[in-house]
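# Summary of structural features
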Amino acid sequence: VVIGGYRLARDAALKALRAAAIDHSDDEAAFRQDLLNIAMTTLSSKVLSQDKEHFAAIAVDAVMKLRGSTNLDQIQIIKRIGGTLKDSYLDPDGFLLDKKIGVGCPKRMRDCKVMIANSPMDTDKVKIYGSKVKVDSVSKVAEIEAAEKKKMLDKVDKILAHGCNVFINRQLIYNLPEQRFADAGVMSIEHSDFDGTERLALVLDGDIVSTFDTPERVKLGSCELIEEVMIGEDKLVRFSGCPNSQASSIVLRGANTHVVDEAHRSLHDALCVLRCLVKKRFLTPGGGAPEMRLSYELSKWADSLLGMHSYCVRAFAEAMEVVPYTLAENAGLDAIHVVTELRNKHAEGEKAAGINVRKGKVTNILEENVLVPLLVHTSAVSLATECVRLILKIDDIVITR
């Protein structure tokens, strides 16, 4: 009965949240402003609060570039020490790889056909499983080394047979194959790491290759230009004109490692919140306003119910007030006084009334541009209810030490 009552309260709460949500999805300018307001709300309590307008614009541009996708793997964040936080930027038309081009290889390449590989290019030993090779002279050792070199060079020739002019490998590329690539006019980039390799395959629209015996089955990546660029004191590789224009790179600058790491965490939080709004384009006011609205409406609805369900819905409504109470308490306000005032405001029909932490009182929170995606509230209500229902279904508890 209790579980059923909570289920009724949850459904009513979700319905009330959707009814009160703000929808600007039909107006692109208003929707972009909503994204900026949400990003600034997220960044207000973090290390980026002084430059929240700048970083909110960066986060919104990166998310809008995804064109409705919610895959944040397509947004790469590169951290570089030096400069100030305001020097951070979003690369408008390119993708950055934090690696260097091989020695002797071209530093700039147009109309690129890119092979993305995950194959050992450091050495290619002649493998004789279960056997040992013993030699009686230095010349025999030289013959084995020559055979190993030939095997590696044959591997490079197979790669070149694919018709690529750029070779990017997740693993190391030793001097011998690197020199062969340079002689053939092919740009080589080594040690792109797992994340870099996966992102490049996504950005360049190519396959990750491990064997090179079937060129006809391999899909090479492509882009208009690959060049080496300087950011601060470091060299990076920039890919321009990529087929997957949804991908982007954000360069974070800062005075030291601590500042840059904190900026990275804050920006990632903003991107995650923006993803929620893109996924479900509805907004709700923040500042504890929706929770208090739910508490008021559920309490009112509970009076019309009969039996145990009435008590369950009323308990659910009282639990909703914990959020504004905690918010007021954490802000150093008189929690009882503020929550009572907030409850009265909602009883008078002021649905956008919320706790203004800066002014220390209850105000119209929409006028302060404090907004939260609807998905955040619906997920919180649904998950909290499921957690309570799960606990109530436990018949017995075994204490172990």
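Residues numbered from 1 in each chain as written. Predicted model: local features only at pLDDT ≥ 70, side-chain atom pairs only at ≥ 80, totals over all residues. Heavy atoms only, no water.

With that settled, the discussion passes to the overall build of the protein. Counting its regular elements, the protein contains 12 helices and 14 strands. A compact globule built from 401 residues should have a C-alpha radius of gyration of about 21 Å, whereas the protein, at 29 Å, is more than 25% larger. C-alpha extents for the protein along the principal axes are approximately 95 × 50 × 40 Å. Here the protein holds 401 residues, and 43% of them are scored as buried. Considering only contacts within the protein whose residues lie at least 6 apart along the sequence, 75% involve residues at least 24 apart. (Helix = DSSP H or I, 4+ residues; strand = E, 2+ residues; numbered from the N terminus. Rg over C-alpha atoms; globule rule 2.2 N^0.38 Å. Buried < 20%, exposed > 50% of the residue type's maximum accessible area, 1.4 Å probe, protein only. Contact = heavy atoms within 4.5 Å.)

What the rule picks out here adds up to 2 aromatic pairs. With a centroid separation of 6.1 Å and 55° between ring planes, the pair formed by Tyr6 and Phe316 is classed as tilted. One end of the pair, Tyr6, is in helix 1 (residues 2-20); the other, Phe316, is in helix 9 (residues 308-320), with 310 residues separating them in the sequence. In this pair, the class of Tyr6 matches that of Phe316, namely buried. Centroid distance Phe167 to Phe181: 4.9 Å. Interplanar angle 25°. Geometry classified as stacked. In this pair, Phe167 is assigned in strand 5 (residues 166-169) and Phe181 in helix 5 (residues 175-183), connecting sequence segments 14 residues apart. By relative accessible area, Phe167 is classed as buried at 0%. When the ring centre of Phe31 is taken as reference, the NZ or CZ atom of Arg281 above it lies at 4.1 Å. (Phe/Tyr/Trp six-rings, centres within 6.5 Å; stacked < 30°, edge-to-face > 60°. Lys NZ or Arg CZ within 6 Å of the ring centre and 35° of its normal.)

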